[in-house]
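# Observations on the model geometry
Residue strings, one per chain:
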Amino acid sequence: MTVSESVPVERTARATPISIIGMSGLREIVAVSSGMALIYTIAAMIIGGRPLLTLALVFAGLLFWTFLEYLLHRWMLHWEPEDKLQKTIRKCFPTHRSHHDAPMNERKNIKKQLKIIIYLMTAYCAFLALIGFPLAMVLAVNAGVLLGYQAYEYVHVACHHLPMKNAWAALLKRHHAIHHHRDETVNFGVTTTIWDSVFGTTWKPARAPTA
Ligand SMILES: [Zn+2]
Ligand SMILES: [Zn+2]
């Protein structure tokens, strides 16, 4: 049995790469994240005075996001402690249990998510600047992180709603479908499979027992 035969894939033929922007709060997420990324990039160029270096740092931030995406998905979104104290701490962080329970459902609380993006990113950048990182560098790297974040949100919705026929897109869709339908402890990457390979969490089909 092949992976594509064994993993249920959502029927999403009517959605298009453009139409999904209207789904699950993507339009708002893209508007806020790209707006913030643009402001951060311009501010970094003005403060630092080195446009090419700023663009290189934005790109570095974009790559750094792929690691953050893995880290947050594996260790925050899937953190489900049994301990009473840890359960209380856990309430302070987002979970995506409801997404796993109903992957095709539209996101309900987009306003809350947008507030988290704006406040958390602003506080994070202020903290890094206060402990001594150059403000221009902090803004440029996190502009890239914001761009990576919105790419993640788009690819994630696409994985659930688009047929994803080209080889790379089909690989991402299958990778994420396995995470949902076969094993939640593997395949945490959404925009890339690289970090699952690095941390050894890529799903491997069970080998048939040998006689
Ligand atoms: Zn998950
Ligand atoms: Zn998903």
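Given the structure is predicted, the values throughout are model-derived calculations rather than measurements. (Residues numbered from 1 in each chain as written. Chains lettered and ligands numbered in written order. Predicted model: local features only at pLDDT ≥ 70, side-chain atom pairs only at ≥ 80, totals over all residues.)

Now for the overall build of the protein. Of the regular secondary structure elements, the protein holds 9 helices and 0 strands. Put simply, the protein runs from its N terminus to its C terminus through helices and strands in the order α-α-α-α-α-α-α-α-α. Relative to a compact globule of 211 residues, whose C-alpha radius of gyration would be 17 Å, the protein shows 19 Å and is just as compact. Viewed in the frame of its principal axes, the protein has a C-alpha envelope of about 65 × 45 × 35 Å. For the protein, buried positions account for 27% of its 211 residues. Considering only contacts within the protein whose residues lie at least 6 apart along the sequence, 69% involve residues at least 24 apart. (Helix = DSSP H or I, 4+ residues; strand = E, 2+ residues; numbered from the N terminus. Rg over C-alpha atoms; globule rule 2.2 N^0.38 Å. Buried ≥ 20, exposed ≤ 12 C-beta atoms within 10 Å, placed from the backbone. Contact = placed C-beta atoms within 7 Å.)

Take the packing of helix α6 (residues 110–130) against helix α7 (residues 135–161) next. Direction vectors running N to C along α6 and α7 enclose 150°, while the axes themselves pass 9 Å from each other. The orientation of α6 relative to α7 falls into the category roughly antiparallel. Considering the relative orientation of α6 and α7, their crossing is right-handed. Residues M121, C125, L128 and A129 of α6 form the contact with α7, whose participating residues are L135, V138, L139, N142 and L146. Within the contact of α6 with α7, the residues separate by chemical class into 8 nonpolar, 1 polar and no charged. (Axes fitted to C-alpha atoms, helices over the stretch in contact; angles between N-to-C directions. Parallel < 35°, antiparallel > 145°, perpendicular 65-115°, else oblique. Left-handed = near helix turned anticlockwise from the far one by under 90°. Nonpolar A, V, L, I, M, F, W, Y, C, P; charged D, E, K, R; others polar.)

Let's shift gears to the packing of helix α2 (residues 26–48) against helix α3 (residues 51–77). At a minimum axis distance of 9 Å, the contact between α2 and α3 shows a crossing angle of 140°. The angle between α2 and α3 falls in the class oblique. In the crossing of α2 with α3, the sense of the turn from one axis to the other is right-handed. On the side of α2, the interface is formed by T41, A44, M45 and G48, while α3 contributes P51, L53, T54 and V58.

Turning our eyes to something else, we now look at α7. The terminal C-alpha atoms of α7 lie 39 Å apart, and with 27 residues this matches the ideal 39 Å at 1.5 Å per residue to within 8%. Taken across its 27 residues, α7 has 22 buried, putting it largely inside the fold. (Expected span 1.5 Å × (residues − 1).)

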